[in-house]
Every structure is written in C-alpha cells, then in structure tokens.
Amino acid sequence: MTVEKGEAIKEKGNNHFLQKKYNDAISCYNQALKQNGEKATYYVNRALCYIKLKQWDKVYQDVHHSLDLDPNYIKAHAYLGQYYIEQQQYDEAITCFKRALELCKIQNKNFGNEIQRLLHYTQKCRFSLMEQERIENDNSLQTYLHSLIQTDKERRMQLCIEKYFEDNKVNINKQIESISTSSLSTTANRLLILKQYLSKTMDYHNQQTTTNLNSTISVNPETAITPDDQMNIIVDPQLEQALFEIEHSSNQSLCELNNLFTEVDMKRKRREIPEYLTCKLCYDIMRDPVITPFGITYCRSCIEENLYKVSHLDPIANKPLVPEQLISNLVVKEIVEKFIKENEWVNAESF
C-alpha cells in the first residue's frame with residue numbers, strides 16, 4: 001500500500017512538472033520518498049526539477065542517491081553530466097554522458113539522441129576551454145620573451161657603453177675638460193656626460209636605459225652640464241654605430257617574435273569548425289552531409305537515427321520525412337573535405 005501511495009504521489013509530481021510548477025513537483029517527490037526512500041526514480045525526478053531551478057548542489061546529491069540505488073540508471077548519469085557542465089568539469093561530464101550512451105545501447109533505450117547532443121556540446125566546451133588556456137599561455141610566453149629581448153638589449157648597450165669608456169678614457173676626459181672647468185672626472189659625471197650625449201645623438205635609445213643610468217647617478221648641481229654645454233658634445237660615430245646595431249638587432253628579434261606569434265594566432269583562429277559545416281543534431285563536422293526536401297543539412301547517421309528512434313519528422317522543419325528523401329549534399333561535402341585537408345587538427349581533436 002505504501003508503494004502504491006508513493007507512485008500516486010510521484011504521478012502527481014510529474015503533472016506539476018509538466019505544468020512547470022517545479023517547487024510543487026519537488027514537494028510531491030519529497031512525500032513519495034517518505035513513502036519509499038529506496039526508489040531511485042523519485043530522486044532522479046526531483047533532480048530534474050532542481051536542474052530547471054538551477055539548484056546544482058541539490059542535483060548532485062539526488063543523482064548520487066539515485067546511482068547508489070541503481071548504478072545503471074541512464075538519466076542519473078545524464079543529469080550528473082549536466083551538473084558537471086555547470087561546474088565546467090568537462091572531463092567528468094564527458095565520462096557521464098559516454099556511460100549514459102553505453103547504457104542506452106545495452107538497455108535499448110530511445111532517448112540516446114539527446115545525450116549524444118549533450119556529449120558533443122560538452123566536448124566543444126572542453127575544446128573551447130583548452131583553446132582559451134592555450135591563448136593565455138601563448139600571451140604569457142610572448143610577453144616573457146619580449147621582456148627577455150628588451151633586457152638583453154639593455155645589457156648589451158650597457159656593456160657597449162662601458163667598453164666605450166674603457167677604450168676612450170683620454171678622449172672623453174679631454175671632451176669633458178673642454179666643456180667645463182669643474183671637476184667632472186668621477187664615474188658618475190662621466191656617465192652623466194654619456195647620458196646627455198646619448199640623449200642628443202640617439203633619440204631611439206630606450207627610456208629604460210636612461211632610467212637605469214639616472215638611478216645610479218648622483219649629480220652635483222654645481223658640476224651638472226648645462227644645455228649649452230650639451231650642444232658642444234661631439235658625436236662619436238663609432239659608439240653611435242655600435243648602439244644602432246644593437247638596437248637594430250633587438251628590433252629584428254622582436255619583429256620575428258611577433259611574426260611567429262601572429263602566425264600561431266592565425267592557425268588558432270582556424271581551429272574552429274564553421275557553423276555551416278556542423279550538424280544541427282550532433283554539433284560535429286558533417287563528414288557525410290545529406291539535405292532534406294526542406295533545405296536543411298544533417299549528418300546522414302544523425303538524421304537517420306533520429307528518424308528511426310525519435311520520430312518520422314525533420315527535427316527542425318517539423319515536417320514528415322523518410323530516409324528515402326535524403327539526398328547527399330555534394331557541395332557541402334566538397335567544402336568539408338577541403339576544410340579537413342587544410343585543418344589536420346580536425347581529425348586529432350575529439351568532437
């Protein structure tokens with residue numbers, strides 16, 4: 001009697017669900033579980049209500065209760081997969097949907113098409129997430145390599161400057177003496193001379209090097225070089241050429257680096273299957289496309305399975321359709337084959 005009462009309450013809950021009265025349906029399933037807490041169906045039905053209400057923690061609890069009672073419950077695996085989609089745990093979701101599909105074949109159930117759709121949707125989400133991670137990693141790597149090139153340029157310029165001072169001590173001191181009678185023989189003042197010299201002759205010299213020089217120089221206002229003094233500094237072609245070559249080499253490296261990542265970015269953008277090449281049922285690329293009399297193209301296997309197991313209707317046009325009316329879409333097939341040939345990753349990725 002308790003079992004029959006539980007079933008009657010469940011049916012009442014099902015009616016509430018059909019009317020989208022999800023909270024009322026949940027109340028009925030709660031009562032049914034009080035009558036028979038060992039019934040997996042009650043937990044699954046309540047889980048579906050929680051899915052509609054987006055109360056995902058409760059979905060998780062109910063499907064696990066259901067699977068504890070019946071490990072082969074197809075809907076429980078499918079609903080658990082939907083929970084994992086919401087958590088962006090796509091690997092776990094894929095496992096759930098694949099298990100549900102296996103059970104559909106074993107139990108000869110007809111609602112495997114919806115589970116197949118969810119599986120492909122999850123695989124696409126997983127691929128999109130992986131692509132986003134790739135993009136972020138590529139951007140981080142590009143920024144890091146860019147900074148290494150810049151740092152190396154500054155280091156090479158600094159070594160070039162130091163070598164210039166070492167090789168031209170006498171000439172530099174004479175130039176300093178000709179500019180000012182003040183005591184400018186200290187290393188700091190020599191660096192100051194060079195900084196202002198570079199400022200005058202090397203407009204392309206990057207600001208970070210100048211900043212580094214500033215941070216190490218303590219300038220005495222009484223010995224600082226005036227703008228008029230700066231004008232008297234003689235341009236040294238040897239140093240100018242050396243620094244130019246370093247700058248040119250670094251810019252060339254940066255250009256090659258940017259070109260490399262631009263090429264990677266272009267390849268990444270091509271790693272998307274155009275919507276017009278994907279089946280409306282499985283969301284995968286249509287390797288054997290067929291067109292219906294209503295102008296809609298599907299995978300042959302998908303539409304035939306839909307006609308045999310779901311209904312004798314075009315699922316989008318919602319009009320009567322039989323397999324004999326399907327015609328190979330040769331135009332789309334040719335485009336698909338060309339796309340796969342130009343994008344080898346299509347065969348490597350799991351969709």
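What counts and how
Residues numbered from 1 in each chain as written. Predicted model: local features only at pLDDT ≥ 70, side-chain atom pairs only at ≥ 80, totals over all residues. Heavy atoms only, no water. Phe/Tyr/Trp six-rings, centres within 6.5 Å; stacked < 30°, edge-to-face > 60°. Axes fitted to C-alpha atoms, helices over the stretch in contact; angles between N-to-C directions. Helix = DSSP H or I, 4+ residues; strand = E, 2+ residues; numbered from the N terminus. Parallel < 35°, antiparallel > 145°, perpendicular 65-115°, else oblique. Left-handed = near helix turned anticlockwise from the far one by under 90°. Contact = heavy atoms within 4.5 Å. Nonpolar A, V, L, I, M, F, W, Y, C, P; charged D, E, K, R; others polar. Buried < 20%, exposed > 50% of the residue type's maximum accessible area, 1.4 Å probe, protein only. Core = buried A, V, L, I, M, F, W, Y, C linked by side-chain atoms within 4.5 Å.

### As for the packing of aromatic side chains
1) Next: Under the defined criterion, the tally for this structure stands at three aromatic pairs.
2) Next: Aromatic ring contacts, followed pair by pair, group Tyr60, Tyr83 and Tyr84 into a single cluster.

### Considerations on the packing of helix α4 (residues 56-69) against helix α5 (residues 74-86)
1) Next: With their axes 9 Å apart at the nearest point, α4 and α5 run at an angle of 150° to one another. When the axes of α4 and α5 are compared, the pair comes out roughly antiparallel. Handedness of the α4/α5 crossing: left-handed. Contacts between α4 and α5 involve Trp56, Val59, Tyr60, Val63, His64, Ser66 and Leu67 from the first element and Ala76, His77, Tyr79, Leu80, Gln82, Tyr83, Tyr84 and Glu86 from the second.
2) Next: Each residue belonging to the contact of α4 with α5 can be placed in one class, and the counts come to ten nonpolar, four polar and one charged.

### A word on the environment of His65
1) Next: Looking at the element boundaries, His65 is found in helix α4.
2) Next: In this structure His65 comes out as partly exposed when scored by relative accessible area, which is 39%.
3) Next: Separated by 21 residues in the primary sequence, His65 and Val44 have C-alpha atoms spaced 8.7 Å apart.

### With respect to the nonpolar core
1) Next: Judged by nonpolar contacts, the single largest core of 37 residues is most densely connected at Cys49, Val59, Leu80, Phe97 and Ile115.
2) Next: When residues of this core are traced back to their parent elements, those giving at least two are α2 (22-35), α3 (40-52), α4, α5, α6 (90-107) and α7 (112-167).
3) Next: Per element, the largest residue contribution to this core is nine residues, and it comes from α6.
4) Next: Counting residues in each nonpolar core, the second largest holds 21 residues, with Leu277, Cys282, Leu326 and Ile340 among its members.

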